[in-house]
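Listed below, chain by chain, are the residues.
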Amino acid sequence: MTKPKVAIYDFTDCEGCEVEIVSLREKLLILESRLNIVDWRLGQDKKESGPFDITIIEGTPITQHEIDLLKKLRKKSKVLIGLGACATLGGIPAIMDKKERAKWYKKIYGEKYKPRGIDALPLSAYVQVDFLIHGCPVNGKEVVRIIEDLLAGKTPKYQGYSVCFECKQENNPCRLLNEKPCLGPITQGGCQAVCVSGGSACYGCFGLREEPEIKNLLKILNKITDPPGNEASKKEIERYFTMFLSRTEEYKKYVK
Ligand code: SF4
Ligand code: SF4
Ligand code: SF4
């Protein structure tokens, strides 16, 4: 049987999601025996120009060169997958919007500097993306599950629950009940609530779950951020959402 040709690319990011793939170790070798990885800058010297059956892209296309390359990759790929929050949501690079970015370029590099970075948007702002592997970084088990589904000819599915479901499985006390902010109820599950188990809030790096109850969560967040409902409280809530979710339609509609 012919093995599917796979390419793995990275745009602007920290490469942490690719490191998660490398960290799969034996599982990666098992997967590799069923795939033909023909282009992967970080993992091998072999490089083919396509077409590809599956192209996995990490990072946000922040320069015109990256945007053009993304469009070319879309044309020569049967299936295009976004790997990690930078690719699926704009991620950490999207914390700063276009205007702020231009301001800081000038401040740091001076008036004469000609920046290449335009704006940090998810891949889906430019091309059709067939599936998103969520997380900052991605969860290795999720990567394996999704690639195995594709190899079996199945369309991968998103987990049908929020981070709260996994958080309860981990027996964590609920932050919201203890009047501490958390975006777990509106966030797609799949990370095993790793941040909450480690003592932090969920900031939504797995993206919004289907039909997220943002309005209801905002009501709770408005009550528990101190003092409730004032400008500082609004800013605090916005800070939680801008970590990963600022490029979503829901953020623009309900939070901004
Ligand atoms: S999603 Fe997070 S870990 Fe992955 S490349 Fe972007 S910043 Fe790095
Ligand atoms: S701590 Fe956060 S993720 Fe956990 S149950 Fe509460 S709201 Fe959900
Ligand atoms: S708990 Fe939230 S922020 Fe942390 S990894 Fe999971 S989805 Fe991402």
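1. Considering the sheet that holds strand E1 (residues 5-10)
Line of reasoning, step 1. Reading across from one edge, E2-E1-E3-E4-E5 is the order of the five strands in this open sheet, with parallel pairing throughout. Lying at the two open borders of the sheet, with one neighbouring strand each, are strand E2 (36-40) and strand E5 (131-133). Taken over all neighbouring pairs, the strand axes of this sheet differ in orientation by 25° on average, direction set aside.
Line of reasoning, step 2. The sheet contact formed by E1 and E2 spans four bridges and is parallel. Within E2, the position partnered with Ala-7 by the bridge is Asp-39.
Line of reasoning, step 3. Together, E1, strand E3 (52-58) and strand E4 (77-83) form the strand contacts of helix H3 (residues 64-75), whose direction differs from that of E4 by roughly 135°.

2. Re a nonpolar patch on the surface
Line of reasoning, step 1. Taken together, Met-96, Trp-104, Ile-108, Tyr-109 and Tyr-113 make up a surface patch of nonpolar side chains, about 510 Å² in accessible area.
Line of reasoning, step 2. Its place among the elements puts Tyr-109 in helix H5 (residues 98-109).

3. With respect to the site of ligand 3
Line of reasoning, step 1. Taken together, Val-163, Thr-187, Cys-191, Val-194, Cys-195, Cys-202, Tyr-203, Gly-204, Cys-205 and Phe-206 are the residues near ligand 3.
Line of reasoning, step 2. Partitioning the shell around ligand 3 into residue classes produces eight nonpolar, two polar and no charged.

4. Concerning H5
Line of reasoning, step 1. Across its 12 residues, H5 extends 16 Å between first and last C-alpha, which sits within 8% of the 16 Å expected from 1.5 Å per residue.
Line of reasoning, step 2. Two residues or fewer after H5 comes Gly-110, characterised by a positive phi angle close to 90°.

5. Things to note about the packing of helix H9 (residues 214-224) against helix H10 (residues 231-242)
Line of reasoning, step 1. H10 packs onto H9 with a crossing angle of 130° between their chain directions and a minimal axis gap of 9 Å. Compared by their axis directions, H9 and H10 come out oblique. Handedness of the H9/H10 crossing: right-handed. Residues Leu-218, Leu-221 and Asn-222 of H9 lie in contact with H10, whose contacting residues are Ser-233, Ile-237 and Phe-241.
Line of reasoning, step 2. Looking at side-chain class alone, the contact of H9 with H10 contains four nonpolar, two polar and no charged residues.

6. Section: the confidence of the model for the protein chain
Line of reasoning, step 1. For the protein chain, the mean per-residue pLDDT works out to 93, and 99% of the residues sit at or above 70.
Line of reasoning, step 2. When pLDDT is averaged over each helix and strand of the protein chain, the minimum, 87, is found for H10 and the maximum, 98, for helix H4 (residues 85-89).

7. As for the side chain of Asn-139
Line of reasoning, step 1. Its place among the elements puts Asn-139 in the loop between E5 and helix H6 (140-151).
Line of reasoning, step 2. A polar atom in the side chain of Asn-139 sits 2.8 Å from the backbone nitrogen of Lys-141.
Line of reasoning, step 3. A polar contact of 3.2 Å, which involves the side chain of Asn-139, links it to the backbone oxygen of Gly-190.
Line of reasoning, step 4. Non-local contacts of Asn-139, meaning those with residues more than four positions away in its chain, are made with His-134, Gly-190, Cys-191, Gln-192 and Phe-206.

8. Section: the packing of aromatic side chains
Line of reasoning, step 1. Enumeration according to the criterion identifies six aromatic pairs in this entry.
Line of reasoning, step 2. Look at Tyr-105 and Tyr-113: their rings are 6.0 Å apart centre to centre, the planes differ by 45°, and that puts the pair in the tilted class.
Line of reasoning, step 3. The exposure class of Tyr-105 is buried, given its relative accessible area of 18%.
Line of reasoning, step 4. Looking at Tyr-113, the relative accessible area reads 38%, which means it is partly exposed.
Line of reasoning, step 5. Where Tyr-161 meets Phe-165, the ring centres are 4.8 Å apart and the plane angle is 40°; that geometry is what we call tilted.
Line of reasoning, step 6. Joined through ring pairs, the aromatic side chains of Tyr-105, Tyr-109 and Tyr-113 make up one cluster.
Line of reasoning, step 7. Above the ring of Trp-104, the side-chain terminus of Lys-107 is found at 5.1 Å from the ring centroid.
Line of reasoning, step 8. Between Arg-239 and the ring centre of Tyr-240, over which it is positioned, the NZ or CZ distance is 5.0 Å.

Procedures and definitions
- Here the residue index of a chain counts from 1 through its sequence in written order.
- Working convention: letters from A go to chains and numbers from 1 go to ligands, in the order in which they are written.
- Reporting in this predicted model follows two pLDDT cut-offs: at least 70 for local features of residues, and 80 or more for side-chain atom pairs to be given and counted; totals over whole chains, interfaces and linings ignore these cut-offs and use all residues.
- The basis for every side-chain value is the complete set of heavy atoms in the structure, and neither hydrogens nor water enter the calculation.
- Here a strand pair is declared whenever DSSP counts at least two bridges between the two strands.
- Elements are defined by DSSP. Helices are runs of H or I of four residues or more, strands are runs of E of two residues or more, and each kind is numbered from the N terminus.
- Throughout, an axis means a line fitted to C-alpha atoms (over the contacting stretch in the case of helices), and angles, computed between N-to-C directions, take values from 0 to 180 degrees.
- In this analysis, two residues are considered to be in contact whenever any of their non-hydrogen atoms come within 4.5 Å of each other.
- Patch membership needs two things, relative accessible area over 30% and no salt bridge, and members are linked within 9 Å if like-charged or within 5 Å if nonpolar (Val, Leu, Ile, Met, Phe, Trp, Tyr).
- In these tables, accessible area is a Shrake-Rupley quantity obtained with a 1.4 Å probe, and a residue counts as shielded only by the protein chains included in the view.
- Should a side-chain nitrogen of Lys or Arg be within 4 Å of a carboxyl oxygen of Asp or Glu, the pair is scored as a salt bridge.
- The criterion for a residue being near a molecule or strand is simple. One of its heavy atoms has to lie within 4 Å of it.
- Residue polarity follows a fixed list, in which Ala, Val, Leu, Ile, Met, Phe, Trp, Tyr, Cys and Pro are nonpolar, Asp, Glu, Lys and Arg are charged, and the others, Gly among them, are polar.
- Working rule for helices: expected span equals 1.5 Å times residues minus one.
- By definition in this entry, angles of less than 35 degrees are roughly parallel, angles greater than 145 are roughly antiparallel, angles of 65 to 115 are roughly perpendicular, and the rest are oblique.
- Left-handed describes a crossing whose near helix is turned anticlockwise from the far helix by less than a right angle; the clockwise case is right-handed.
- Values of pLDDT, which run from 0 to 100, indicate the predictor's confidence residue by residue.
- We call two N or O atoms a polar contact when they sit within 3.5 Å, provided that within protein one can donate a hydrogen and the other can accept it, with sequence-adjacent residues counted only if both atoms are side-chain atoms.
- Here a pair means two rings of Phe, Tyr or Trp (six-membered ring of Trp) with centres within 6.5 Å. Their orientation is stacked below 30 degrees between planes, edge-to-face above 60, and tilted elsewhere.
- Any residue under 20% of the maximum accessible area for its type is buried, any over 50% is exposed, and the rest in between are partly exposed; the area is computed with a 1.4 Å probe on protein chains only.
- Consider the ring centre and the ring normal. A charge sits over the ring if Lys NZ or Arg CZ is within 6 Å of that centre and within 35 degrees of that normal.

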